[in-house]
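Topology and contacts: notes
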Amino acid sequence: MENGDILNEMWHADGSARQPYKDFQSWFEGEDLSRLRAKQREAEDIFRLTGITFNVYGRAQAEEKIIPFDIVPRILSGREWQKLSRGIEQRVRAINAFLYDIYHRQEIIRSGRVPKEMISKNAAFLPAMIGVDPPGGVYTHIVGIDLVRTGEDQFYVLEDNARTPSGVSYMLENRETMLQMFPELFARNRVQAVQNYPRDLWRSLAASAPSVSNATPTVAVLTPGIYNSAYFEHAFLADQMGVELVEGHDLRIVDGRVAMRTTRGYHPIDVLYRRVDDDFLDPLNFNPESTLGVPGIMDVYRAGGITIANAPGTGIADDKAIYSYMPEIVEFYTGEKAILENVPTWRCSDSDSLAYVLDNLNDLVVKEVHGSGGYGMLIGPTATKKDIALFRKKLQARPGNYIAQPTLSLSTVPVFTRAGLAPRHVDLRPFVLVSPNSVNITPGGLTRVALKKGSLVVNSSQGGGTKDTWVLED
Amino acid sequence: MLGKTANGIFWMYRSLERAENTSRLVETGQRIALTRLGDTSDEWRSILQTAGVISGYDQHYDSYAGDTVIDWLLRDLNNSSSVQSVIRNARQNARLVRTALTHDVWEATNGCYMEATKHLTRKVTERDLPNVLGLVRQRAALVRGATHGTMLRNDIYDFARLGTFIERADNTARILDVKYYVLLPSMMSVGSSIDNVQWDTILRSLSANGGFRMEYGSATSPRDIAQFLILDRRMPRSLAFCANKLRENLHYLENTHGSDKPSITMAEDLVSGPLSRPIDDIFDQGLHEFTQDTLAKIAKLSRQIEIDFRFYE
Amino acid sequence: MRLNIRHTSRYQFDAPVYYGLQQLRKTPKTTQQQTIVSWETHITGGQKELSYHDHHNNVVELVSFDRDATDVTIESNGTVEVHETHGVLGPHRGFAPLWLYLRATPLTRAGPLCKNLIKDINEATPLARLHALSTSILDAAKYEIGTSHPGWTAEDVLTHGVGVCQDHAHVFIACAREMRIPARYVSGYLMLDDRVDQDASHAWAEAFVPDLGWVGFDISNGISPDIRYVRVATGLDYPEAAPITGTRLGGTGESLSVQIMVAQQ
C-alpha cells in the first residue's frame, strides 16, 4: 500500500507509535469507532454553523463550502519544532532584507548572486515601491512558509507566501473545535497554545504603525468583500483583533490620511492589514478598473501616512523563480547557511533545465511561476498522457513561466476514515508575524492533508482537508 | 463603528423582522382559506398588497390562487421580500457585519438561514406549511433572544433596534392601510360575521389576538381594535410602541453621535403627532389619510437615519 | 537666464464632483540644468492632501476636490534660473535602476514600425545614433497639432505619420529602448521666443548615454534642450510624468481650460 521510503509520522515501520503520538495512540485505542464517527460529523456541523467556509473560485453563484476537517491531530515534538522555527525565522528575516534591498540599492544583483533578469523581467517587481521605506522597515508582516517533510529530520520549504498568506483562521478554529470535542486529549498532552495569534497579530501590526499614528494605532482589515474565497478569515481576524473590517468603498483620503467612514464621520487608519492584491489596491496608481481598492492609498503610503501590511510589492520575494535562489538569498543577507532546505528546482527559462524537464515530465512536478492554489500545475507521476502532452506544449511555448521540481515523498499522517485510521500525505504552513523588533512564530501552523488516498495535492480547492497541528511541550 | 456596518445591522434586523411578519401573514391567509367557504382570492390579494409585493406577483401570475401566493411569499427568490429572500438577506448582512455581532447572534442567524434553506428549497406542502412557518418564526426569535442576551447595549444594538422597529411600524401601518375600511364606523354592520373574520384577520396578522382578548375580552369593536393597534403603548406591534422605540433608540445614539440629527426631530414628531392623541381624532382626520401619512413618515425617517449615520457616502 | 512661469488648469463641471483626487507632478526640481528660485502651487475648489517623491524622483502632490465642486483651479507659478548644459543632465540618481528605463510600457512598445525605423541607424556612438533617431522620427511623423490622441501608442504615431511633442517622445523612447538604451519621458515648459502665452506644456525625451549620463532630446524641435527649457517631471511614458492625472466620481460635462505663460524675467 505505502512505499517504504515514505515517512509515516504516527507509526514506526514495526507498528509502534512514534514518540509524539504515543499518548494519542493509547487514547485512540480506547475509543469506540462509532463515537469518533459521530464526533467527525459533529465537527462538520460546528464548522457549518460557525460559518467557517470558503467560496469556490470560478463559479457564478459563489458557493460556500467547508474545508473537510480531520479529527486526528498532526503532532510534532518540541525538539522537531525548535529546529523548524529557527529555520523559519532565518528565512523570514532574509526575505525582509531581500525586499528592502531589491527596492533600494539591489546589492544582491550587483554582487551577482541573483541575475538582474530575475527582477527586471519579473511582473511581481513593483516600481512604485522603489526607494520607499515602509514604517518600521517591515515588508512582510505576515508570512506563511509551506513545508513538507520527507524524513525524520528532513523538511523542505515548498514555497514562501509573502503576499497575503491565508489559512490562519483554520489553524485557530481547528484548535477550538478539538478543544470542544476532545478536551480529555488536551489533559493528557501538553500542547503549545496557538490562541494568542490574534492578539500577537494586533501587537505586531500596531508596532509597525507609521510615525503619524497615536499611541494606540487604529488597525483595520481590508477585505475584497463577502464573495471573496477567504472572507470568513478576514471577518474572523478583524473580529478576534477587535478592529474594523473595511472594504474599499468604506475608505477615502481625508486630510492626507486613509480614513474609514464611520457613523460619526471619517476616522484615520494607521495600519491596514489588507487582504486585497497589489494590483487591485489602488485604482489611481495601479489597475484603474479595480473597485476593491482605495484611490490614492499608495500616495498616502509613500507620504508615510499609513502602514500597509503586507507592503505592496512583496510578491517579488515569493515568486517561484526567485524561490530557487532562496539558499543564496538567505546566505547573502544572514551570512549563514540556510537552515531549511529548498526543494531542488529546475528553472525552465534555462535551456538545459528545460531539456531535462521535457525529458522527465513523467517524474516531475511542473508549476507556474506566478500560480497559486494548486492551479496550473502538473504532477507527472499521476498525470494523464493528455495532461503531460498539454504541459509539454505549454513549456515549449513559454518556458520562462515554469519551474519543475522532483516529486517528493511527502510524509503521511493518519486520517480517520470509516474503516479506521489510514495514512494520507500532508504539508505544513506555519504562520510568522514580523514586527520591527521581533519575529513571532505560532507553534505549529496549518496542516493540510490530501484526503484522497495516494494524492499529493493538499489544496482545499482540490480535495484537501485540514488537521489541528500540535507542538508538544518537551 | 463603520457607516456600512450600521447599514448592515439595520438591514439585517429589518430583514429578520420582515421574515417573521411575512410568515405571519401567510399563516393568517392560510387560516382564512381553511375556515372560509368559497373564493378566497380577494383575501390572498389583500395579503399580497399588505406585504407590498403584489406588483411583482402580478408580473408572474394572473390569478390569486392560495398555493401560488404562498409560494411567492414564502420561497420565490424573484420576490425580494419572500421569506427565503429576506432570510438570505439577513444572513448576508450578518456576514457583512460579522465583526459587530456576538458569536451567539451570528450562529443563531446562520442556523436560521440553514434551517430555512433546508425547508424552503422545495415547494412547501399544505401539510408541512404550519410547521415550516412555525420554524421560521422560532428561528428568528432565537436570533432576537441571542441579541437581547449577548449583545452590548451600544450603538450597534441601537441600529439593530432601529431596523427592527422601522420594519415593524411599516408592517403594522400597511396592515391598517389595506384593511382600514373594515375598521371604519360606517362599515360596521351589526352582527355580521364577515367583519368579525376581518377583524380577527387583522389581529392575527399582528399576533395581537391574544393580547387584545386580554385587554378587551370578547366584545370586539373596530374602534377598540384601532385603539389597540395604533395607540396602545403596551402592545409591542402598535404604531405608538414602535414610534416610541424609534425615538428612544435615536436618543441613545445622541450620547455618542450628538443631538443635531434631523432623524431625532422626525421621530419626535412621529411620537407627538396623532399617536399622542385620542383615537377619535384619528377617525376624524380619516383613518385612511392617517395610515398613508404614517407610512410616508416612516419611510422618510428611515431614509433620514441612513443619511444621519452615514450608511452610504 | 531666469524664466517666470505660470501654469493654470481650470476644470469646470456641469454636474458637481462628488469625490475627486488628482495627482500633480507640477513642481520642478533643482538640477544641473536649472535652479528653482521660487515655486508654488495653489488650489481653489480643492485641497492639497499630501506630497512625496516618487520613484522617478518627481515631487507628487495629491489634491482632493471639495465635495460637490463645480469649479476647480490648479495654479502653479514660480521662477527658474536655467543654465546652459547642451541638453546634458548628467549622472543617474536615485534608487530606480537604469534597467527600469529599458522597460516598454503600453504606449512605448516597439512594434514593426519602430523596429523598421531603427534598422538603418548604425552610427558609431550611442549619442550619434540617438541624434539620428531623433531626425528620422521627425521625418516619419510630421509635427501636426490636432490629429493625434493622448492615447496613441508609438506605433499609432508612426502609422498615422503625424504627431505632437508627446507622440514624438513616445516613439523616441520606444526606439531607444529597442536599441537597448535607457530612455524616459520628460514633461516641462518651453519658452517660445515669439510669445508669452504658450499653447501647451511641452514634452521631450531623455536617453542615458555612457560617460555623459542623461541627455535630453526634443524631437519635435530637432534639438537638445537649452536654456529655454524647464524640466518638471519624468517617467517611463506620458502617464507617469503627466502634470495632472486623476480620478473622480460625478462631475460630468467637464471643460478644461489650460493657460501657460513662460516669460523671461
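Procedures and definitions
- Residues numbered from 1 in each chain as written.
- Chains lettered and ligands numbered in written order.
- Predicted model: local features only at pLDDT ≥ 70, side-chain atom pairs only at ≥ 80, totals over all residues.
- Heavy atoms only, no water.
- Domains from an automatic or database assignment.
- Contact = heavy atoms within 4.5 Å.
- Buried area = accessible area lost by both parts, 1.4 Å probe.
- Salt bridge = Lys/Arg side-chain N within 4 Å of Asp/Glu carboxyl O.
- Helix = DSSP H or I, 4+ residues; strand = E, 2+ residues; numbered from the N terminus.
- Buried < 20%, exposed > 50% of the residue type's maximum accessible area, 1.4 Å probe, protein only.
- Polar contact = N/O pair within 3.5 Å; in protein donor to acceptor, adjacent residues only side chain to side chain.
- Nonpolar A, V, L, I, M, F, W, Y, C, P; charged D, E, K, R; others polar.
- Phe/Tyr/Trp six-rings, centres within 6.5 Å; stacked < 30°, edge-to-face > 60°.
- Lys NZ or Arg CZ within 6 Å of the ring centre and 35° of its normal.

Residue and element names in this part refer to chain C. Partitioning chain C into domains gives domain 1 (2-82 + 244-264) and domain 2 (88-241). Each of domain 1 and domain 2 was reduced to a C-alpha centroid, and the two centroids are 23 Å apart. Each partner contributes to the interface: domain 1 provides 24 residues, whereas domain 2 provides 30 residues. Here domain 1 meets domain 2 over a buried area of about 2200 Å², counting both sides, of which 56% is carbon and sulfur.

As a further point, take the pattern of salt bridges. Throughout the structure, instances matching the rule amount to 58 salt bridges over all chains. Residue E167 of chain B pairs with R18 of chain B through a salt bridge whose shortest N-O separation is 2.7 Å. Residue E167 of chain B is located in helix 8 (residues 155-179), and its partner R18 of chain B is located in helix 1 (residues 3-35); the two are separated by 149 residues in the primary sequence. Judged by its relative accessible area of 4%, E167 of chain B falls in the buried class. Across the pair D54 of chain C and R25 of chain C runs a salt bridge whose closest N-O atoms are separated by 3.0 Å. Of this pair, D54 of chain C sits in the loop between strand 3 (46-53) and strand 4 (59-65) while R25 of chain C sits in strand 1 (residues 2-27), and the two are 29 residues apart along the sequence. Taken together, the salt bridges that share partners define one network made up of E9, R18, R74, E80, R149 and E152 of chain A.

Right, let's get into the interface of chain A and chain B. In this assembly, 29 residues from chain A lie in contact with 27 residues from chain B. Contact with chain B buries area across many residues of chain A, yet L49, R261 and T263 of chain A alone supply 30% of it, more than any other trio. Of the charged contacts in the structure, one is a salt bridge between E247 of chain A and K4 of chain B, with a shortest N-O distance of 3.5 Å. Where chain A packs against chain B, one counts 15 residue pairs in polar contact (both at pLDDT 80 or more). Elements represented by at least two residues in the side of chain A that touches chain B include exactly helix 2 (33-50), strand 1 (53-55), helix 9 (231-241), strand 7 (244-246), strand 9 (257-262) and strand 10 (265-268) of chain A. The element contributing the most residues to the side of chain A that touches chain B is helix 9 of chain A, with 5 residues. In the side of chain A that touches chain B, the residues fall into 12 nonpolar, 8 polar and 9 charged.

This next bit is on the environment of P115 of chain A. In this fold, P115 of chain A is placed in the loop between helix 4 (107-110) and helix 5 (116-120). Taking the C-alpha atoms as reference points, P115 of chain A and Y325 of chain A, separated by 210 residues in sequence, lie 9.6 Å from one another.

Inspection of every chain in the model, using the stated rule, returns 37 aromatic pairs over all chains. Both rings, one in F212 of chain B and one in Y216 of chain B, keep their centres 4.7 Å apart while their planes meet at 25°; by these two values the pair is stacked. Within this pair, F212 of chain B and its partner Y216 of chain B are both found in helix 10 (residues 209-216), separated by 4 residues, close to a single helical turn. These aromatic residues form a ring-pair network of at least three members: F24, W27, F28, F182 and F416 of chain A. The lysine or arginine in question, R153 of chain B, covers the ring of Y157 of chain B, its NZ or CZ lying 4.1 Å from the ring centre.

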